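# Structure assessment
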Amino acid sequence: MKQNFRTAAAIGVAALCSAFALSAAHAVQPAVSMGGDHALVLRADGTVWAWGYGGSGQLGLGSTSTRTAPTQIPTLQNVVQVVARGSFSMALKADGTVWAWGDNSGGRTGGNGTSVPVQINGLSNIVSINAGTDTAAAFATDASGRVYAWGSNSSAQLGTGQVSAGGNYVPRLVAGAEGAVAVSASDAAVLSLRQDGKLLAWGLNGNQALAPVAGSATAPVVINALPSVQAVASTSINIAGQYYALKNDGSVVAWGQASTNATFCGQAGVRTSSYALIDISPIQGLARISQIEPGDGHTLFIDADGALHACGTNSAGQLGDGTLVNPSTEAPKIAHIAGLPPVVAAAAGSAISAAIGTDGSVWVWGRATNLATGAASKSTTPVRVMQAAGVPFDAGRVGEASGMFSGSQTGPLGIATVDVAAAVSTLHRGKAGRVYVAAQTGSGLFFLGSNGWVPYTTMAAIPPYLSGALPRSVPVRLASSENLTGLKGVQLLVGYGLGDDTAAVTEMLRSGRYQTVHTLN
């Protein structure tokens, strides 16, 4: 929060609209996540539903029983993101707290394993979470772009600069990974996307499969060969893993290990002395992609029209194309999945896939045991998920998809660090829009633009903080150990709208996609 903000805030001008100064309650975008043999669905009302195998308590229902139909986790409300990996589960609440349950390998649940969600201590103002597939490391990114990691460090997943045993129950800051907007982890390593589009990596780097640097990458390194991307993904393949990046033009590149049929998607293979590697190269047959959803050996891709595509191992029909045919060097394969409505969310697990349609319908295919009533053990096409009563399970719908907004203050006003952030709905990522950051004091409203803080007047256009294709997340540091004395009570607001110029403001206000995220104190 620069000095010119302190000057402007003392002036006081007419407010843009009283609506913008109010914090609105929103539904969330429905989401699904798949573990080794269980599923989590985040419904539009912020509740979490689980089903599948529960032997490690990963369903969060207070027992180790198996459930063959979605069952609500009663202790979770106001959730905005869910993660299922192996026999482990995690959820992020709207208040920025992180909750975990299930298998405690490496200390991922913050201590002992538990069959009910427990809060992970030491984390606040979190905007995104993720976890490794099987190697028991978990990750959280806060509103200022700092990455925290805990759990196993057997492959240097915690980014500490060394390999160590598990039992790291307390989240620790990953030095050198600042400015992050997304994190994705495989068994072996971690990718982190920065706000500036740079890609960082750390973890096991066998034969330089992860990053083109010699030796290990036990602390974050920049992958300079990919100067600007908008999303990243990691999937577990043998030891080295395979990695994806979504470029700004909607194309996908891949790299990493290429020694199994999980990787033959049309990329170029580069032979090394030990095993085949994929050089950083485009996947043919994929265009206008908006989301990448990695699993354990296969990956799903959602395009701008909501169509779903898949690549990788197909041993249980998880590619969803009606076959059990695996790709090979001679016959690379991108599956285009039919029989689904336009998709708003998808997830790849261990030999199983899932999707949520725009109508709220939930679908699974692949190794469907315990996850789709009446389905064959290997379902090669999507099967609708049913409730216990035999009626279709509905994840809900959001007519005007919301964003997720947060803000925090560290230290008193005399030496304050202030962060705010916007997390963009999956429906809006990559679309043209504007992100707005505002401050209100009394009757005055000020917007942060390219030239600093400016007061709103009815005769001037509202300056956006960011214009263009909307990224996954927009963290903004407003002040760093600065003297903000005299600004007590100033409210900070964040929002975004679709379109250009005034159209984006109108769309933001109409959809209620804004929120008061913090009051200076």
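The structure we're discussing is the one just above.
The shown structure was predicted, so the numbers you read here are calculated from the model rather than taken from an experiment. (Residues numbered from 1 in each chain as written. Predicted model: local features only at pLDDT ≥ 70, side-chain atom pairs only at ≥ 80, totals over all residues. Heavy atoms only, no water.)

This part is about helix α2 (residues 502-511). If you check which residues of α2 are buried, you get A504, V505, E507, M508 and S511. Axial view of α2: buried residues confined to an arc of 165°, hence all on one face. Seen from the open side of α2, the exposed residues pointing more than 90 degrees away from its buried face are T502, T506 and R510. Packing partners of the buried residues in α2 comprise β32 (432-441), β37 (491-498) and β38 (514-519). (Buried < 20%, exposed > 50% of the residue type's maximum accessible area, 1.4 Å probe, protein only. Helix = DSSP H or I, 4+ residues; strand = E, 2+ residues; numbered from the N terminus. Arc of directions from axis to C-beta. Contact = heavy atoms within 4.5 Å.)

What follows deals with the environment of V454. As for its position among the elements, V454 is in strand β34 (residues 452-455). Between the alpha carbons of V454 and A439 there is a distance of 9.9 Å; along the sequence they are 15 residues apart. Residue contacts for V454: discarding those within four places in its chain leaves L445, F446, F447 and P463.

Mapping N168 onto the fold places it in strand β12 (residues 164-173). Separated by 2.8 Å, the side chain of N168 and the backbone oxygen of G151 make a polar contact. One polar contact links N168 to R172, side chain to side chain, over a distance of 3.0 Å. In this view, N168 contacts G106, G107, W150, G151, S152, N153 and L158; residues no more than four positions away in its chain are not counted. (Polar contact = N/O pair within 3.5 Å; in protein donor to acceptor, adjacent residues only side chain to side chain.)

The next thing to look at is the pairing of strand β15 (residues 199-203). Across the five residues of β15, five count as buried, placing the element largely inside the fold. As paired elements, strand β14 (residues 189-194) and β15 share five bridges and run antiparallel to each other. The residue bridging V190 from the neighbouring strand is W202, located in β15. Relative to strand β16 (residues 217-222), β15 runs antiparallel, the two sharing three bridges. Across the sheet, residue A201 finds its bridge partner in β16, namely V221. (Pairing = 2+ DSSP bridges.)

Our focus in this paragraph is the packing of aromatic side chains. The tally for this structure, following the rule as stated, stands at seven aromatic pairs. Seen in terms of ring centroids, Y244 and F301 are 5.8 Å apart; in terms of plane orientation they differ by 75°. Their pairing is edge-to-face. Here F301 lies in strand β23 (residues 298-303) and Y244 lies in strand β18 (residues 242-247), a separation of 57 residues in the sequence. What makes F301 buried here is its relative accessible area of 0%. Put simply, the rings of W49, W51 and F393 touch in pairs and so form one group of aromatic residues. Over the ring of W99 we find K93; its NZ or CZ atom is 4.2 Å from the centre of that ring. (Phe/Tyr/Trp six-rings, centres within 6.5 Å; stacked < 30°, edge-to-face > 60°. Lys NZ or Arg CZ within 6 Å of the ring centre and 35° of its normal.)

One non-glycine residue, N78, lies in positive phi territory at about 55°. As for its placement among the helices and strands, N78 is situated in the loop between β4 (67-72) and β5 (79-85). The exposed category is assigned to N78, whose relative accessible area is 55%. Even without a glycine there, the phi angle at R288 is positive, about 55°.

Hydrogen bonds between backbone groups are what pair the strands of a sheet, and the pairing can be parallel or antiparallel. Spatially, four strands are ordered β26-β27-β28-β29 in an open sheet, and the strand pairing comes out antiparallel. The open sheet has two free edges, formed respectively by β26 (343-348) and β29 (378-384), since each of these has just one partner strand. Neighbour to neighbour, the strand axes of the sheet diverge by 10° on average, direction disregarded. Where strand β28 (residues 362-367) and β29 come together, four bridges link them in antiparallel fashion. Across the sheet, residue R367 finds its bridge partner in β29, namely K378. (Axes fitted to C-alpha atoms, helices over the stretch in contact; angles between N-to-C directions.)

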